[in-house]
Amino acid sequence: MRLEGKVCVVTGGAKGLGMEMALLFAKEGAKVVAADMGELSYTNENVEGYKLNVTNLEACDKFSKYVVDKYGKIDVLVNNAGITKDALTHKITEDMWDMVIDVNLKGVFNVTKSIGTHMMMENGSGSIINISSVVGEYGNVGQANYAATKAGVIGLTKTWAKEFARKGAAVRVNSIAPGYIMTDILKTIPQDLLDKFAKMTMLGRLGEPEEIAKVALFLASDDASYVTGHNLSANGGMRL
Ligand SMILES: NC(=O)c1ccc[n+]([C@@H]2O[C@H](COP(=O)([O-])OP(=O)(O)OC[C@H]3O[C@@H](n4cnc5c(N)ncnc54)[C@H](O)[C@@H]3O)[C@@H](O)[C@H]2O)c1
C-alpha cells in the first residue's frame, strides 16, 4: 500500500496508460480522480471519473478546486492526457499543430498551474509526473508537433522541480519518457512499423501499459523521496 491516504489526479485517465496508473494507484491505497474528456472505460470504487478538457484553463482551475474541496488535498498529479496528429512537416496544418500543442503542452501547464501551486502553498508536499515520450528525447520523422510538446514537458519538469520546491515545500516533479506501449494511441501506426520499433529496443519488444504504471507508482510514492527534476526513460532500451 505505497499510496495509502494519498489523493491522486491522473489526466487522460479514462483508458490506456492513464487507466493503468489510476487502477494501480487505487490498488496501492490512493483515492484517484481520473480527469478525461471521455467517459472512464472501467469502474473502481476508489477511482472517480471527472469530465475535463485540459485545454481549458478555467475548467482546470474549477477541477482543482473541486478535488481539494472534496478530498481535502492533492498529493499526486500525473499529466498524462495526450494526442498525436502525425504528418511530415510540410503536411502539418495549422490546426494539427495547434491541437497537439494545446493538449500536450498547454494542457499540462493549465492543470499544473493550480495543482502545483496547491501542493507548494497549501499541502507542503506532492509529486508531479509529466508523461513525455521517447519521441521528445530523440525526435521522430512525421511527429514534429508531438516531439515539440514532449520535449517541452521535459523543460517544464525541470523548471517546476525548481519552482515548486521553494518555500520549504517537498514537491517533486519528474517526467517519464515511455517508448512504444500498446494502447489506442498506436492504432494509426502500421504493424510493420511497430515490428521495426520493437526490434529497435534492446529488449526486442514493445512495452505494456502496466510497465509504465509501475514506473509512475515509483515516482508517485515515497520510494522516490529524493528523486526530482529527472526524466526517466522507460523504453526497453530504445534509441530512435
Ligand atoms: N502509448 C505509447 O506508446 C506512448 C508512448 C509515449 C508517450 N505516450 C503518452 O502517454 C500518454 C497517454 O497515452 P495513451 O497511450 O494512453 O493514449 P490513449 O489515446 O489511449 O489515451 C489518452 C487519453 O487522453 C485523453 N485526452 C485526450 N485529449 C484530452 C483533453 N484535451 N483533455 C482531457 N483528456 C484528454 C483521451 O480521452 C484518452 O483517454 C499521452 O500523453 C501519450 O503522448 C504514449
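Rules and cut-offs
- Residues numbered from 1 in each chain as written.
- Predicted model: local features only at pLDDT ≥ 70, side-chain atom pairs only at ≥ 80, totals over all residues.
- Buried ≥ 20, exposed ≤ 12 C-beta atoms within 10 Å, placed from the backbone.
- Pairing = 2+ DSSP bridges.
- Helix = DSSP H or I, 4+ residues; strand = E, 2+ residues; numbered from the N terminus.
- Axes fitted to C-alpha atoms, helices over the stretch in contact; angles between N-to-C directions.
- Parallel < 35°, antiparallel > 145°, perpendicular 65-115°, else oblique.
- Left-handed = near helix turned anticlockwise from the far one by under 90°.
- Contact = placed C-beta atoms within 7 Å.

Peer 1: I'd love a proper account of unusual backbone geometry, names of residues and values included.
Peer 2: One non-glycine residue, lysine 167, lies in positive phi territory at about 60°. Among the residues examined, lysine 167 registers 9 C-beta atoms within 10 Å and is labelled exposed.

Peer 1: Which residues make up the sheet that holds strand E6 (residues 170-178), and what values go with them?
Peer 2: What the seven strands build is an open sheet, ordered E3-E2-E1-E4-E5-E6-E7; its pairing is parallel. Both outer strands of the open sheet, strand E3 (47-51) and strand E7 (231-234), are each paired with one neighbouring strand and no more. Here the average twist between neighbouring strands, direction ignored, is 20°.

Peer 1: Give me the packing of helix H3 (residues 94-123) against helix H5 (residues 144-163): which residues, what numbers.
Peer 2: Running from N to C, H3 and H5 cross one another at 15°; their axes reach a closest spacing of 8 Å. Considering the angle they form, H3 stands roughly parallel to H5. Considering how the two elements wind past one another, H3 and H5 form a crossing that is right-handed. Contacts from Met96, Trp97, Val100, Ile101, Asn104, Leu105, Val108, Phe109, Thr112 and Gly116 in H3 reach Asn145, Tyr146, Thr149, Lys150, Gly152, Val153, Leu156 and Trp160 in H5.

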